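One letter stands for each residue in the lines below.
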Amino acid sequence: MLRYIQSYCYNLGGEKASQSKHLNYVDGFAGEGSYDEGIGIEDFVNESNFWKRYDINLLDTDGSPLIALKCAKGFRAEERVNLRCLFAEANKRTNQKLRENCSAHATDLDLKIYDPQPFSHTFPQILQDLNGYPTVFFLDAFGVKGLSFEQICSIGDYVSKAKGELFLLFHNVAVARHAGFLTTKSDNERMKRTAETYMRNLTTLLGPNSDQEWKPQWEELKDQSQEFERWALHYFVHRISRESQFKGVATYEIKERYNDTRPMYSIVACSNHPWKAFGYFLNDFFVDEDRFLFYEEDKSKRNRNFLEQKWNQQVHQRKVDAKPEIIKILNQTNRQWKKLDDVITDVILALSTKGFGLGFLKRSDYRIIMLELFKERIIQADSLGRNNVPKLESKVRIVQ
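Everything quoted here is computed from the prediction, not taken from an experiment.

A. Expanded view of the overall build of the chain. Looking only at helices and strands, the chain has 15 helices and 12 strands in total. The C-alpha atoms of the chain give a radius of gyration of 22 Å, which matches the 21 Å a tight globule of 400 residues would have. Overall, the chain is about 70 × 55 × 50 Å in size when its C-alpha atoms are taken along their principal axes. Counting every position in the chain, which comprises 400 residues, the buried fraction comes to 52%. When contacts within the chain are restricted to residue pairs at least 6 apart in sequence, long-range pairs at least 24 apart make up 67% of them. Accessible surface computed for the chain: about 20500 Å², of which carbon and sulfur atoms make up 45%. Within the chain, the 55 negative side-chain charges are centred at a point lying 4 Å from the centre of the 57 positive side-chain charges.

B. Structural detail: the environment of Val-45. If you trace the backbone, Val-45 turns up in helix H2 (residues 41-46). Take Val-45: its relative accessible area is 12%, and that puts it in the buried class. On a C-alpha basis, the gap between Val-45 and Tyr-280 in space is 20 Å, while along the polypeptide they are 235 residues apart.

C. Quick peek at the sheet that holds strand E1 (residues 22-27). Here seven strands make up an open sheet; going across it, the order is E3-E2-E1-E4-E5-E7-E6 and the pairing mixed. One side of each edge strand has no neighbouring strand; the edge strands of this open sheet are strand E3 (111-113) and strand E6 (248-254). The mean angle between the axes of side-by-side strands here comes to 15 degrees, regardless of whether they run parallel or antiparallel. Note: E1 against strand E2 (residues 82-87), six bridges, orientation parallel.

D. Quick look at the pairing of strand E4 (residues 135-139). Of all five residues in E4, five are buried, a share of seventy percent or more. Burial of E4 is two-sided: the residues Thr-135, Phe-137 and Leu-139 facing one way and the residues Val-136 and Phe-138 facing the other way are all buried. Relative to E4, E1 runs parallel, the two sharing four bridges. Looking across to E4, one finds that Tyr-25 is bridged to Val-136. Two strands pair when backbone bridges link them, and E4 and strand E5 (residues 164-171) are joined in this way by five bridges, in the parallel orientation. Within E5, the position partnered with Phe-137 by the bridge is Leu-166. What joins E4 to E5 is helix H7 (residues 149-162), and the crossover it makes is right-handed.

E. Representation of the nonpolar core. Ranked by size, the top nonpolar core spans 74 residues in total, and within it Leu-83, Phe-87 and Ile-326 carry the most contacts. Ranked by residue count, the leading element in this core is helix H14 (residues 340-352), at eight residues. Counting 49 residues, the second-largest nonpolar core is a separate cluster that includes Phe-149, Ile-155, Ala-162 and Ala-174.

F. Quick look at the packing of aromatic side chains. For the coordinates displayed, the defined rule picks out 21 aromatic pairs. Measuring from ring centre to ring centre gives 4.5 Å for Phe-181 and Tyr-198, while their planes differ by 25 degrees; the resulting arrangement is stacked. Highlighted residues: Phe-181 in the loop between helix H8 (172-179) and helix H9 (189-206) and Tyr-198 in helix H9, separated in sequence by 17 residues. On the accessibility criterion, Tyr-198 (31% relative accessible area) is partly exposed. A ring pair is formed by Tyr-295 and Phe-306, whose centres lie 5.0 Å apart and whose planes are at 40 degrees; its orientation type is tilted. Taken as a pair, Tyr-295 in strand E8 (residues 295-297) and Phe-306 in strand E9 (residues 304-306) lie far apart in primary sequence, 11 residues in all.

G. Structural detail: the sheet that holds strand E12 (residues 395-398). The three strands are arranged E10-E12-E11 in an open sheet whose pairing can be described as antiparallel. Across the chains shown, the open sheet's two edge strands, defined by having one partner strand only, are strand E10 (338-339) and strand E11 (379-381). Where E11 lies against E12, three bridges are found, and the strand directions are antiparallel. Pairing of Ala-381 across the sheet is with Val-396, part of E12.

H. Looking closely at unusual backbone geometry. Positive phi, normally seen in glycine, also occurs at Asp-108, with a value near 65 degrees. By the secondary structure assignment, Asp-108 is in the loop between helix H5 (92-103) and E3. Asp-108 sits in the exposed class, given a relative accessible area of 61%. Although it is not a glycine, Asn-388 sits at a positive phi angle of roughly 60 degrees.

I. Layout of helix H10 (residues 211-221). Of all the residues in H10, the buried ones are Trp-214, Trp-218 and Leu-221. End-on view of H10: buried residues confined to an arc of 85 degrees, all on one side of the axis. Seen from the open side of H10, the exposed residues pointing more than 90 degrees away from its buried face are Gln-212 and Glu-220. Those residues of H10 that are buried are in contact with H8, H9 and helix H11 (227-243).

Rules and cut-offs
- Residues numbered from 1 in each chain as written.
- Predicted model: local features only at pLDDT ≥ 70, side-chain atom pairs only at ≥ 80, totals over all residues.
- Heavy atoms only, no water.
- Helix = DSSP H or I, 4+ residues; strand = E, 2+ residues; numbered from the N terminus.
- Rg over C-alpha atoms; globule rule 2.2 N^0.38 Å.
- Buried < 20%, exposed > 50% of the residue type's maximum accessible area, 1.4 Å probe, protein only.
- Contact = heavy atoms within 4.5 Å.
- Areas by Shrake-Rupley, 256 points an atom, 1.4 Å probe, with all protein chains shown as cover.
- Lys, Arg positive; Asp, Glu negative; His and termini not counted.
- Charge placed at Lys NZ, Arg CZ, Asp CG, Glu CD.
- Pairing = 2+ DSSP bridges.
- Axes fitted to C-alpha atoms, helices over the stretch in contact; angles between N-to-C directions.
- Right-handed = clockwise from strand over helix to strand, strands pointing away.
- Core = buried A, V, L, I, M, F, W, Y, C linked by side-chain atoms within 4.5 Å.
- Phe/Tyr/Trp six-rings, centres within 6.5 Å; stacked < 30°, edge-to-face > 60°.
- Arc of directions from axis to C-beta.

Okay, here's the thing in structure tokens:
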């Protein structure tokens, strides 16, 4: 979120006709605003020349609300844009802690923290307070309860007119756990009511009447590890793509370590301008996130070693896996001349719908694959640069 807020504000904040001097950041399930333990943000900040220029004291324990406020402080200092921060937190005690954590950083900033109440009660007020400005929504309901498919579609309606993105966390494991109540056997009436509530919450998230589809899928897939949660994520993304006003939806698995075989969460990113938001900003951001997983600490927690060989092995294997799919995509979409840089974006967006996800490879890696395809005479170019290979500005197409 730190990297995306930065790019979002630099892209949409300003004096041009396509820009706005005011932008919104909405955190719908804000929590306390900070963590007890570090989340790794210092790894990124210490490698970023941009953030070293600003004396805003980003801490490893900062949660998304404090990250947003500190970004807003930096943007205000350079008189670029006014980032308006709108935070909601339903739990009364947590809401009070959020206010305490934000108070030290909110001087002269445009901040609103809503009273503690369910998000469904706060959501209409949030929409009114956006004032038609471009908005990034970050919704981490930390489970299944609290967020409805209709609210997601309402956000899609808003950003289709005002610009912006929605990031929400899809909790893979929690989704499977909620579906599991369908086959839980109990004669206890309280347990039955609990099961009905959990299943209703899942249906509310996945969309109206989704129980008619997810229940048979659970019966079929419940004994196959992770298959239901994969199906549910695909179903969820497909429905958002089909039924909302978002122009693009993509996903990214959040891993705890590089060899994690069952990520607990996936980011679902929804945009009114996916070509730039996904193909340029998010794709390479997510690759960098993956790369941080390949740092290993020793027992003292003081020395960190980058597992370069394992990282290179992963990148190589991903290139091998992606190449045949890219050829299929080009056969479908690249029969007319098109700038190579734009074709790479098309490939990234197409692969994100085929189970590869954003951040599978960097744009530079996709360019290497495209140059291999040129040398193999699978694609052709209208002009060449150095070393007799296409430039990013060269127009290319699949060989007919």
